[in-house]
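Chain by chain, the residues run as shown.
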Amino acid sequence: MPSLRIIPEKQVYETIIDAIGKIYCQSTPETITLINNALAIEEDDVAKDMLNAMLKNEELAAKEKLPICQDTGIVVVFADIGNQIKIENGPLYAIVSKAVNDAWRKYYLRDSITFEPIRCFSNHIQNPENSQQSVILHLSELPGNKLELHISLKGGGAENCSLLKMFNPTTSLREIEDFIVDTVVSSGGKPCPPVLVGVGIGGNFERCAILAKRALMVPISPSEKKPEYKKMEERLLTQINQKGKGIQGFGGKTTALKVSILSEPCHIASLPVAINIDCHAHRCISITI
Amino acid sequence: MRIIKIELPLKSEEIKMFTIRDKLLISGVLYTARDQAHLRLNQLIKEGKPLPFNLADSALFYCGPAPTPPGKVCGAIGPTTSARMDKYTPLLLENGLKVMIGKGERSKEVTNAIRKHRAIYLICVGGISALLSQTVVSCETFCWKELGAEAIYRMEVKDFPGYVAII
C-alpha cells in the first residue's frame, strides 16, 4: 500500500481563505466572457445598460476589493479527497468552517445565515461580533493523492428559484426539457438574470439536487460529456433565451448564459430532475492541493 | 430609454410623469427593509403603534447591506427579491408608502395596490453591488440593529439607478 501524503491543516485553511478572497469580488472569467458575449448581441437599450453596469461592477469590485453582490451567500464546498492523502488534524469540516469564518471577517462579507431556520423558534439575537457562517460540505473520495476543492459563494435569491421533480421514467424528453425551461423562465427577474442553470438528472431524490449544484460549480471538460447531453444543454439554452425574459427579467436576448447537465444512473421506477440556478454574480473556484 | 434625475420624497403627481422602463437617478433618503423588518412594520400597523419612520416620506429599498470596510462610506449594497415582501406590501401602501426599490416581479395584488395608491415600484440591477455602493453618501443603522443585515438602515444616496417597473 502506498504511503499516505499528509496535507497540513494550515495549507487547507490558507487555500480556502485565499480562494474566498479571489471570488467574492469577481465572477468566474468564463461568466464575464459570457456577459460580454450577451452584450455584443443585445439590441434592447435597457438590457444593454444593465449588462454594461454588470461589467463595470466586475471591474470596480475587483479593483476596490468590494463584494460584487452584497449577498455573499452560503458557502458550498465540494471536497474530492484522494484516497492516498490524510489531512492533518481535521476533521475537514472544522478546518473549512474556521477558514470561512475568518475569511468573512477579513473581507467584510455579510452574515446571511440564521442558525434557526424557523425564526420564531429562537430568540437568538445575531451579534455581528461573533456570528458564525454555515458551510455546506459535500465529501467524496477519489483515487490518488490530491485534494480537490470546489468552492462557491451561493446567493439566496437564485437558490430560491431552484426546483426538484420526481418524474415517471416514461416521461418524454420534451416534457423534461419543458419543465427545465419553464422553471427558469417563470423565475423571471427573481434570480437576477442572466443566470447559469445547473441540472441534475438521475441518481435519486437527494443525489439529483447535488448533481445540479455540482453541474453549476465544477467545470467538466466537453469530452467527458455524452453528446446527447451536450446537445440537450444547447437546446435548453436556446429555448430559455427565446422566451425573452431577458436581463433582470426586464427583456432582452439573454436570460441564461449557460446550461450544464450532470447525469447518473437511477432506479427503473424513477426519473429525478433537479434545477439549481445561479445569478450572473457566479462566484466559484476550483483548487487542487 | 429616458434618464431622469429625481429627488426623494416623490409625490403622486411626479410619479404620473414617468413611464415603464424609464431610468431614474434617485437622490435622497432610502430606508432598507427586508423580510423581518416587513413583518415587524406590519405588526406595528396592525397593533396601531407608531412606525420608526414616516412611510409617506420614505422610499423602501429591499436590501441587506454588506458590512462597511474601513475607509468606505458603506459596504456592498443591492436589491433582494421583492416578491418575498408582497404579502406585507399592500398594508404599507395603504399607510402612505410611495416608493419601493427591489428586484423581480410583484404579485397581481401588489401591482393593483401600487396603481391604486399612485405609488411606484422600481427595479435596480442585482449583483452590481460595488457599483451601487458608490452612490451612497451616508449609511447608518436606523433601528432594529439586532436583526443584523436585516435591520433598517438609513441610506442617503445620490444618482442611485432604478428602472420604472410598476406605476
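Calculation criteria
Within each chain, residue numbers correspond to sequence positions counted from 1 in written order. Here chains are named by letter from A upward and ligands by number from 1 upward, in the order in which they appear as written. For this predicted model, a pLDDT threshold of at least 70 governs which residues receive local features, and a threshold of 80 or more governs which side-chain atom pairs are given and counted, while totals over whole chains, interfaces and linings are taken from all residues. Derived side-chain values reflect all non-hydrogen atoms in the structure, with water molecules and hydrogen atoms excluded from consideration. Two residues form a contact once any of their heavy atoms are found within 4.5 Å. When two parts are brought into contact, each loses some accessible area as probed by a 1.4 Å sphere; the total of that loss over both is the buried area. Just to be clear on terms, a salt bridge is a Lys or Arg side-chain nitrogen sitting within 4 Å of an Asp or Glu carboxyl oxygen. The definition of a polar contact used here is a pair of N or O atoms within 3.5 Å, where within protein one atom must be able to donate a hydrogen and the other to accept one, and adjacent residues in sequence count solely through side-chain atom pairs. Helical segments are the DSSP runs of H or I of at least four residues, strand segments are the runs of E of at least two, and each set is numbered from the N terminus. Residues were grouped as follows: Ala, Val, Leu, Ile, Met, Phe, Trp, Tyr, Cys and Pro as nonpolar; Asp, Glu, Lys and Arg as charged; and all remaining residues, including Gly, as polar. The aromatic pairing rule takes the rings of Phe, Tyr and Trp, using the six-membered ring of Trp, and pairs them if the centres are within 6.5 Å, calling planes under 30 degrees apart stacked, those over 60 edge-to-face and the rest tilted. A 1.4 Å probe rolled over the protein chains alone gives each residue an accessible area, and that area as a share of the maximum for its type sets the label: buried under 20%, exposed over 50%, partly exposed in between. To define axes, lines are fitted to C-alpha atoms, for helices over the stretch in contact only, and angles between the resulting N-to-C directions are given on a 0 to 180 degree scale. Convention used here: angles under 35 degrees read as roughly parallel, angles over 145 as roughly antiparallel, angles from 65 to 115 as roughly perpendicular, and any remaining angle as oblique. Definitions for this section: a left-handed crossing has its near helix turned counterclockwise from the far helix by less than a right angle. A right-handed crossing has that turn clockwise.

### Quick notes on the interface of chain A and chain B
Okay, so step 1: At the junction of the two partners, chain A supplies 37 residues and chain B supplies 42 residues.
Okay, so step 2: The largest share of the area that chain A buries against chain B comes from A:Gln70, A:Tyr108 and A:Phe250, three residues that together contribute 21% of it.
Okay, so step 3: Salt-bridge contacts for A:Asp45 lead to B:Arg21; the nearest nitrogen and oxygen are separated by 3.8 Å.
Okay, so step 4: At the junction of chain A and chain B, the tally comes to 20 residue pairs in polar contact (both at pLDDT 80 or more).
Okay, so step 5: Ranked by the residues each element gives to the side of chain A that touches chain B, the list is headed by helix H3 (residues 45-64) of chain A, at 11 residues.
Okay, so step 6: Counted by class, the side of chain A that touches chain B contains 16 nonpolar, 11 polar and 10 charged residues.

### Describing the packing of aromatic side chains
Residue and element names in this part refer to chain B.
Okay, so step 1: Tallied over the full model, the rule gives 7 aromatic pairs over all chains.
Okay, so step 2: Relative to Phe 142, the ring of Tyr 31 has its centre 5.0 Å away and its plane inclined at 65°; by these criteria the two rings are edge-to-face. Here Phe 142 lies in strand E6 (residues 136-143) and Tyr 31 lies in strand E2 (residues 23-32), a separation of 111 residues in the sequence.
Okay, so step 3: Of the residues examined, Phe 142 reaches a relative accessible area of 32% and is grouped as partly exposed.
Okay, so step 4: Considering the side-chain rings of Phe 61 and Phe 160, the 5.2 Å spacing of their centres and the 75° angle between planes classify their relative orientation as edge-to-face. Of this pair, Phe 61 sits in strand E3 (residues 59-61) while Phe 160 sits in strand E7 (residues 152-166); the two residues are 99 residues apart in sequence, bridging distant segments of the chain.
Okay, so step 5: Here the aromatic cluster, defined as three or more aromatic residues joined through ring pairs, consists of Tyr 31, Phe 53 and Phe 142.

### Regarding the environment of A:Val100
All names here are of chain A.
Okay, so step 1: Its place among the elements puts Val 100 in helix H4 (residues 92-106).
Okay, so step 2: C-alpha separation for the pair Val 100 and Ile 20, spaced 80 residues apart in sequence, amounts to 7.9 Å.
Okay, so step 3: Sequence-distant contacts of Val 100, defined by excluding residues within four places in its chain, comprise Ile 16, Ile 20, Val 75, Gln 133 and Val 135.

### Thoughts on the environment of A:Ile85
Residue and element names in this part refer to chain A.
Okay, so step 1: Residue position: Ile 85 is located in strand E3 (residues 85-87).
Okay, so step 2: Residue class for Ile 85 comes out buried when judged on its relative accessible area of 10%.
Okay, so step 3: Counting along the chain gives 81 residues from Ile 85 to Leu 4, while the straight-line C-alpha distance between them is 5.0 Å.
Okay, so step 4: With sequence-adjacent residues up to four places away left out, Ile 85 is seen in contact with Leu 4, Arg 5, Ile 7, Gly 144, Asn 145, Lys 146 and Leu 147.

### Considering the packing of helix H1 (residues 9-23) of chain A against H4(A)
All names here are of chain A.
Okay, so step 1: Contact geometry of H1 with H4 gives a least axis separation of 9 Å together with a crossing angle of 40°. Considered as vectors, H1 and H4 are oriented oblique to each other. Of the two elements, H1 crosses H4, and the hand of that crossing is right-handed. Facing Glu 9, Val 12, Tyr 13, Ile 16, Ile 17 and Ile 20 of H1, the residues of H4 in contact are Leu 92, Ile 95, Val 96, Lys 98, Ala 99, Val 100, Asp 102, Ala 103, Trp 104 and Lys 106.

### Structural notes on the pattern of salt bridges
Okay, so step 1: If you walk through the whole model with that rule in mind, you get 28 salt bridges over all chains.
Okay, so step 2: Here A:Lys213 and A:Glu159 are joined by a salt bridge, their closest N and O atoms 2.8 Å apart. Residue A:Lys213 is found in helix H7 (residues 205-217), and its partner A:Glu159 is found in helix H5 (residues 156-159); the two are separated by 54 residues along the sequence.
Okay, so step 3: On the basis of relative accessible area, A:Lys213 is assigned to the buried category, the value being 9%.
Okay, so step 4: B:Asp159 is the partner of B:Lys158 in a salt bridge, and the nearest nitrogen-oxygen pair spans 3.9 Å.
Okay, so step 5: Through salt bridges with shared partners, a single ionic network connects A:Lys154, A:Glu159, A:Lys213 and A:Asp278.

### Some thoughts on the environment of A:Leu109
Okay, so step 1: Its place among the elements puts A:Leu109 in the loop between H4 and strand E4 (135-142).
Okay, so step 2: We classify A:Leu109 as buried; its relative accessible area is 0%.
Okay, so step 3: Along the primary structure A:Leu109 and A:Asn36 are separated by 73 residues, whereas in three dimensions their C-alpha atoms are 27 Å apart.
Okay, so step 4: Once residues within four sequence positions are removed from consideration, A:Leu109 is found in contact with A:Ile20, A:Tyr24, A:Pro67, A:Thr72, A:Ala103, A:Trp104 and B:Pro67.

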